[in-house]
Amino acid sequence: MADTSAGGVKYAKQDSSYFAKRGLQRYAGIWSLWALGVGAVISGHFSGWNFGFATGGWGGMLVAGAIIAIMYLGLTFSIAEMSPALPHTGAAYSFARTSMGPWGGFITGLFENVEYVLTPAVICTFISAYFGSITGLDTAYYPVLWVVFYAIFLALNIFGVALSYKVTLAVTLISLAGLAFFYISAIPNIDFSRWALNIAPDGSELPEGGGSWFPTGFSGVLATLPFAVWLFLAIEQVPLAAEESVDPKRDMPKGIMLGFTTLLLSAFLVVFLNPSIAGVGSHALGSSLEPALDGIRAIYGDAAAPIFGVVALIGLVASFHTILYAQGRQVYSLSRAGYFPSGLSVTHDKYKTPHIAMISGAVLGLGVMLVIWFVNGGGGPGETQLGDDIIGSVLLNMAVFGAMLSYIMQAVSFIILRRNLPNIERPFRSPVGIPGAVLTVIIAAVTLFYQVQDPNFFRGVIWVIVWCAVGIAYFALVGRNKLILSPEEEFALEHKNKA
């Protein structure tokens, strides 16, 4: 092995056998990439976003959604430019590695790792809740469901990239068809002024509606930003498929932007139509765990709810499945380059999928869930809901916090790459350029500020700090001395000399 040093790190040159054990298979085209992005997000259109009505009213949710959409527009245009220019599985870490060096790459990857390890865990708790609601299963058995769901969807992700993408496309299309049915059903049953505008400035319900668009003022709009994130969270994972894309320079920008456009349309429809349905209203949705099901009940009666509940469950499955995929690729890329232990990046001999990375990330996420559940009395009679609630509030907020930090780092990477490497090949150029990236940074920072105002959220922040501290300590003491000249690293070093 030949060692080289750069930026306080040491590189070990590996022979071809190292990368032969870490090969991936190209399969994804434009529509596979579209499904990967939309599928990751779509569960957020069935639930979660609606809590913003309680903090900002209908107008506050609309404006907060528009602000967050601008943030994601700047982000998606930025990654649509960077991903075909740097078509590596590392995605966010790769962008930051090229622009800010190995420490910047690792810290960005660490922030993103928080998101991709914990988000599937959060979604799994939602899946178990929907499944339990449909079947009447005792909540004491939820941990068993978590293990079963993880096992099933890990298997679907491991047994071939083609199978994984086919499942992703199928569940995404079913979820969108269910939402389309919901929107079409809602249109003839809306009374906007009576139901969407039924929140008073003190948070109480206005029985006749006709209230203010902004019952809590502009501060309510800002407080609603974290909830609006759920309408788009995780679309940024698409570049993780770069090395499994048939033609990343052509297909990656199209897949990312088609996905964002699809989600933008669906987000507007759900924010406008769901609270406007007669018998539902913004006030009730502000605390609802199943806003779309509330709308279906109001339109078709209670008998239709279980059928639509299955569709909503499929939407959750779509996000769970696709983010498990992203988790595996994210851990794989950092491991292949030596930032994480290199054994995690070995791919399956037959299926060419990063099975060790996926299993390791899943075990970590599932382990955190089980610890929180049982430490908080989740297994005891009458206490199961406590464990479930804490998982939802702590892990969900940890995942969102990690995502916001990674967005800031990716936008900063875009700005630095535009300035320092203006001449690298860019098959796609962001039409909003550096100003769009700057807006992304500003909006993400404001969203972070309002997230930490929530005491429940702050507990999650502490654990993210612990997570990152442990990761940075490992990298400082071990990882930085064992880096590998992976494609991301070679690209970064080559272009550093040209900058």
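Model, not experiment: these values are computed from the prediction. (Residues numbered from 1 in each chain as written. Predicted model: local features only at pLDDT ≥ 70, side-chain atom pairs only at ≥ 80, totals over all residues. Heavy atoms only, no water.)

J.: In this structure, what is going on with the overall build of the protein? I would like to understand it.
T.: The number of helices and strands found in the protein is 17 helices and three strands. The dimensions of the protein, computed from C-alpha atoms along their principal axes, are 75 × 50 × 40 Å. Across the 499 residues of the protein, 59% fall into the buried class. Restricting the contact set of the protein to residue pairs at least 6 apart, pairs at least 24 apart contribute 81%. For the protein, the exposed surface amounts to about 18000 Å²; the carbon and sulfur share of it is 68%. Charged side chains in the protein number 25 positive and 28 negative. The centres of these two groups are separated by 15 Å. (Helix = DSSP H or I, 4+ residues; strand = E, 2+ residues; numbered from the N terminus. Buried < 20%, exposed > 50% of the residue type's maximum accessible area, 1.4 Å probe, protein only. Contact = heavy atoms within 4.5 Å. Areas by Shrake-Rupley, 256 points an atom, 1.4 Å probe, with all protein chains shown as cover. Lys, Arg positive; Asp, Glu negative; His and termini not counted. Charge placed at Lys NZ, Arg CZ, Asp CG, Glu CD.)

J.: Explain the packing of helix α3 (residues 52-85) against helix α9 (residues 248-273) here, please?
T.: When two helices pack together, their arrangement is given by the angle between the helix axes and by the axis-to-axis distance. The geometry of α3 relative to α9 is characterised by a closest axis approach of 9 Å and an angle of 175° between their N-to-C directions. Put simply, α3 runs roughly antiparallel to α9. (Axes fitted to C-alpha atoms, helices over the stretch in contact; angles between N-to-C directions. Parallel < 35°, antiparallel > 145°, perpendicular 65-115°, else oblique.)

J.: Whenever I open this one, the side chain of S43 confuses me. Can you help?
T.: Secondary-structure assignment places S43 in the loop between α2 (30-41) and α3. The residues touching S43, leaving out its near neighbours within four places in the chain, are I123, G315, L316 and S319.

J.: What am I meant to see in the side chain of H45 here?
T.: Looking at where H45 falls in the secondary structure, it is placed in the loop between α2 and α3. Assessed through its relative accessible area of 0%, H45 is described here as buried. For H45, the contacting residues outside a window of four places in its chain are L179, Y183, L231, L263, S266, A267 and V270.

J.: Even after reading the chapter, I still don't get the pattern of salt bridges, so can you show me in this structure?
T.: Any two side chains of opposite charge can pair, so long as their charged atoms come close to each other. In this structure the tally under the stated criterion is eleven salt bridges. Among the ionic pairs, R418 bridges to E81, the shortest N-O distance being 2.9 Å. Taken as a pair, R418 in helix α14 (residues 384-420) and E81 in helix α3 lie far apart in primary sequence, 337 residues in all. Across the pair R250 and D251 runs a salt bridge whose closest N-O atoms are separated by 2.5 Å. The network of salt bridges with common partners includes E81, R418 and R426. (Salt bridge = Lys/Arg side-chain N within 4 Å of Asp/Glu carboxyl O.)

J.: Help me understand the packing of aromatic side chains in this model?
T.: One pair of aromatic rings is described through two measures. These are the centre distance and the angle between the planes. Here the structure, examined in full by the defined rule, presents 33 aromatic pairs. Relative to F153, the ring of F149 lies with its centre 6.5 Å away and its plane at 15°, an arrangement referred to as stacked. Of this pair, F149 and F153 both sit in helix α5 (residues 142-158), four residues apart, which is roughly one turn of the helix. Taking the relative accessible area as the measure of exposure, F149 reaches 11% and is therefore buried. Here the aromatic residues Y93, W103, F106, Y339, F340 and F475 are joined through ring pairs into a cluster of three or more. When the ring centre of Y18 is taken as origin, the NZ or CZ atom of R22, which lies over that ring, is 3.7 Å away. The aromatic ring of W195 is capped on one face by R194, whose charged end is 3.8 Å from the ring centroid. (Phe/Tyr/Trp six-rings, centres within 6.5 Å; stacked < 30°, edge-to-face > 60°. Lys NZ or Arg CZ within 6 Å of the ring centre and 35° of its normal.)

J.: Can you help me understand the confidence of the model for the protein in this one?
T.: Detailed reading of predicted coordinates is not advised where the pLDDT is low. The predicted model of the protein averages 89 in pLDDT, with 94% of residues at 70 or higher. Every residue in residues 380-384 is under pLDDT 50, and counting partners more than four places away or in other chains gives seven contacts. (pLDDT = per-residue confidence, 0-100.)

J.: Looking at this structure, I do not really get helix α8 (residues 217-228). What am I missing?
T.: Helical geometry note: an α-helix holds 3.6 residues per turn, so side chains three or four residues apart project in the same direction. For α8, built from twelve residues, the straight-helix expectation of 16 Å at 1.5 Å per residue is met to within 8% by its first-to-last C-alpha distance of 17 Å. Taken as a whole, α8 has its buried residues at G220, V221, L222, T224, L225, P226 and A228. Along its buried surface, α8 packs onto α3 and α15 (433-451). (Expected span 1.5 Å × (residues − 1).)

J.: Help me out: how do you make sense of unusual backbone geometry in this one?
T.: Apart from glycine, the bulk of residues carry a negative phi angle, and the bulk of peptide bonds sit in the trans form. Phi at A91 takes a positive value of approximately 50°, unusual for a residue other than glycine. Owing to a relative accessible area of 1%, A91 belongs among the buried residues under this scheme. One non-glycine residue, A234, lies in the positive phi region at around 95°. For A234, the position within the fold is in the loop between α8 and α9. Overall, the relative accessible area of 2% leaves A234 in the buried class.

J.: Honestly, the environment of F308 in this entry has me stumped. Any pointers?
T.: The topology assignment puts F308 in helix α12 (residues 305-336). Sequence separation between F308 and A326 is 18 residues; the distance between their C-alpha atoms is 27 Å.

J.: Just to check I follow, could you spell out the packing of helix α4 (residues 92-135) against α12 for this structure?
T.: Remark: α4 packs on α12, axes separated minimally by 8 Å, with the N-to-C direction vectors making an angle of 150°. The angle between α4 and α12 falls in the class roughly antiparallel. The two elements α4 and α12 meet at a crossing, and its hand is left-handed. Looking at the contact of α4 with α12 residue by residue, the class counts come to 22 nonpolar, eight polar and one charged. (Left-handed = near helix turned anticlockwise from the far one by under 90°. Nonpolar A, V, L, I, M, F, W, Y, C, P; charged D, E, K, R; others polar.)

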